[in-house]
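Descriptive analysis of the structure
Chain by chain, the residues:
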Amino acid sequence: MARDGAIDWAALRRLVDWQIAQGTDGIVSVGTTGESPTLDAGEHMEVIRVTVEQAGGRVPVIAGSGANSTREAIEWTRGAAERGADASLQVVPYYNKPSQAGLYAHFAAIAAATDIPLILYNVPGRTVADLSNATALRLAADCANIIGIKDATGDLERGAALIAEAPAGFRVYSGDDETALGLMQRGSCGDISVTANVAPALMAELCRLALAGEDAGARARAEQLDARLQPLHRALFIEPSPAPVKWALAQMGLIEGGIRLPMLELGDSAQPQIRQLLDDLELL
């Protein structure tokens, strides 16, 4: 966003190129960090289109196209597919708190109405509703185009159980940076990360090391790198996300730093801590 709240298209394109150059394996367009709740439908689709265009097939683009209305989620997911997205991230419906049966019906309806691969996104801290492992596994078994889940519960034992019971080909990704290494060590496929918006090279290296199998040296280096990154993981939620991320990127000279109401720019009291962490990680 520019300072006046308009979408800064040039900065978006720069961010896509920078992420790819830094080693990011895939880009989520219009996730929560991308201010999806404040975009209108036309902007939502145009951000996906521009991201796909700028990526140019160099990495997959996963479009955030979930909603708390099943009809709207189907419409947005079809729109994302038409604009070239490689997959769709489908957040658990928020606020209206559907039952597990309602969650199953919601995601099954989207899967039946679209052809694009779908990745479920369970983040109960934001949505209030919580997709149970049993419901996720039922969807994985019943819907061929539901190919994975972003698990942002932060519950390692629950995540490990999901990984152990998942059918072949169903991918479990961490969606919680603080516990991402632990989940990858338990068999997840990677991390759909907030911190990677600010430190993509470090997060890409963490994932590479964590997914190196039984290599003891790689495991030790992953744990050392994770320890360095933990303070940044926490600081990027010192105020509601994505305000800290956007402020950090502005300090790094990558964006102008605008944000739309009801979100506010990062407060003065939190800025020194994040600036020091960016400096410690040689990101400035």
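Please refer to the structure placed before this passage.
Now for a description of the structure that goes with this document. Predicted model only: the values in this text are computed from it and were never measured.

1. Thoughts on the packing of aromatic side chains
The geometry of two aromatic rings is summed up by the distance between their centres and the angle between their planes. Summed over all chains, the structure comprises zero aromatic pairs. In this structure, R138 is placed above the aromatic ring of Y104, and the distance from its NZ or CZ to the ring centre is 3.5 Å. The aromatic ring of Y121 is capped on one face by K150, whose charged end is 4.1 Å from the ring centroid.

2. Considering the sheet that holds strand 5 (residues 146–151)
Sheets are built from strands that pair by backbone hydrogen bonding, the pairs being arranged parallel or antiparallel. With parallel pairing, seven strands are arranged side by side in an open sheet as 1-2-3-4-5-6-7. The two strands at the open ends of the sheet, each matched to only one other strand, are strand 1 (27–29) and strand 7 (190–191). Bridge analysis of strand 5 against strand 6 (residues 171–174) gives four bridges, and the strand direction is parallel. Across the sheet, D151 pairs through a bridge with S174, a residue of strand 6.

3. Observations concerning the pattern of salt bridges
A side chain with one charge can pair with a side chain of the opposite charge if their charged atoms come near. Taken as a whole and judged by the stated rule, the model has 13 salt bridges. Close ionic contact of R3 with E265 constitutes a salt bridge, the shortest N to O distance being 2.6 Å. Here the residue R3 occupies a position in the segment before helix 1 (9–21), and E265 occupies one in the loop between helix 11 (243–251) and helix 12 (271–280), the gap between them amounting to 262 residues. Judged by its relative accessible area of 42%, E265 is partly exposed.

4. A short note on the side chain of S188
Residue position: S188 is located in the loop between helix 8 (177–185) and strand 7. Note on S188: relative accessible area 3%, which makes it buried. In terms of polar contacts, S188 uses its side chain to reach the backbone amide nitrogen of M184, at 3.3 Å. Setting aside residues up to four positions removed in sequence, S188 forms contacts with I163, V172, S174, L183 and L211.

5. Focus: the packing of helix 3 (residues 70–82) against helix 4 (residues 100–113)
Close contact between helix 3 and helix 4 brings their axes to 9 Å; oriented N to C, the two are set at 35°. Along this stretch, helix 3 crosses helix 4, giving a crossing that reads as right-handed. In this structure, helix 3 contributes T70, A73, I74, T77 and R78 to the contact, and helix 4 contributes H106, A109, I110 and A113. Here the residues of the contact of helix 3 with helix 4 sort into five nonpolar, three polar and one charged.

6. A word on the nonpolar core
I48, F107, L120, L131, L139, I146 and I149 are the most contacted members of the largest nonpolar core, which totals 48 residues. Look past the residues within four positions of F107 in its chain and what remains in contact with it is Q90, V91, V92, P93, L120, L131, L139 and I146. By size, the runner-up hydrophobic cluster in this structure holds 36 residues, among which are L202, V245, A248 and M252.

7. Quick notes on unusual backbone geometry
Here the amide bond leading from S241 into P242 is cis, since omega sits at 15°, within 30 degrees of zero. Here P242 lies in the loop between helix 10 (216–235) and helix 11. Located in the positive-phi region is V30, a residue other than glycine, with phi close to 65°. Mapped onto the secondary structure, V30 falls in the loop between strand 1 and helix 2 (41–55). Backbone geometry at V128 places phi at a positive 75°, although glycine is not the residue there. Turning to its location among the elements, V128 is positioned in the loop between helix 5 (124–127) and helix 6 (133–142).

8. Observations regarding the state of the cysteines
Going through the model one piece at a time under the given rule, you end up with zero disulfides. You can see C143 has no disulfide; the closest cysteine sulfur is in C189, sitting 19 Å from it. For C143, a relative accessible area of 8% corresponds to the buried category. We note that C189 lacks a disulfide partner, and the nearest cysteine sulfur, in C207, lies 11 Å from it. Classification of C189 by relative accessible area gives partly exposed; the value is 37%.

9. Considerations on the environment of E265
Separated by 259 residues in sequence, E265 and A6 have C-alpha atoms that sit 15 Å apart. Contacts of E265, omitting those with residues within four sequence positions, involve R3, E239, A243, G257 and I259. Reaching out from E265, the side chain makes a polar contact with the side chain of R3 at a distance of 2.6 Å.

10. Here's the deal with the side chain of K246
Mapped onto the elements, K246 comes out in helix 11. Given the relative accessible area of 11%, K246 is considered buried. Polar side-chain contacts of K246 include one of 2.3 Å to the side chain of E35. If we ignore the near neighbours within four places in the chain, the residues touching K246 are M1, T33, E35, I255, G257, G258 and I259.

Conventions we followed
- Counting restarts for each chain, with residues numbered from 1 along the sequence as it is written.
- Residue-level local features of this predicted model are given only where pLDDT is at least 70; pairs of side-chain atoms are given and counted only at 80 or more, and the full residue set underlies all totals for whole chains, interfaces and linings.
- Remark: hydrogens and water are excluded; side-chain values derive from all non-hydrogen atoms of the structure.
- Working definition: rings of Phe, Tyr and Trp (its six-membered ring) pair if their centres are within 6.5 Å, and the pair is stacked with planes under 30 degrees apart, edge-to-face with planes over 60 apart, and tilted otherwise.
- Geometrically, a lysine NZ or arginine CZ counts as sitting over a ring once it is within 6 Å of the ring centre and also within 35 degrees of the ring normal.
- Note on pairing: two strands pair once DSSP finds at least 2 bridges between them.
- Only runs of H or I of at least four residues qualify as helices and only runs of E of at least two qualify as strands under DSSP, and these elements are numbered from the N terminus.
- In what follows, salt bridge is the name for a side-chain nitrogen of Lys or Arg lying within 4 Å of a carboxyl oxygen of Asp or Glu.
- Each residue gets one of three labels from its accessible area relative to the maximum for its type: buried under 20%, exposed over 50%, partly exposed in between, using a 1.4 Å probe on protein chains only.
- Within 3.5 Å is the distance limit for a polar contact, defined as a pair of N or O atoms, with the added protein rule that one can donate a hydrogen and the other accept it, and that residues adjacent in sequence qualify only through two side-chain atoms.
- In what follows, a contact means two residues having at least one pair of non-hydrogen atoms within 4.5 Å.
- Lines fitted to C-alpha atoms define the axes here, with helix axes fitted over just the stretch in contact, and angles between the N-to-C directions of these axes take values from 0 to 180 degrees.
- It is the rotation of the near helix from the far one that decides the hand of a crossing: anticlockwise by less than a right angle makes it left-handed, clockwise makes it right-handed.
- For this classification, the nonpolar set comprises Ala, Val, Leu, Ile, Met, Phe, Trp, Tyr, Cys and Pro, the charged set comprises Asp, Glu, Lys and Arg, and every other residue, Gly included, is treated as polar.
- Residues grouped as a nonpolar core are buried Ala, Val, Leu, Ile, Met, Phe, Trp, Tyr and Cys residues, joined through side-chain atoms within 4.5 Å.
- Disulfides are defined in this document as cysteine sulfur pairs within 2.5 Å.

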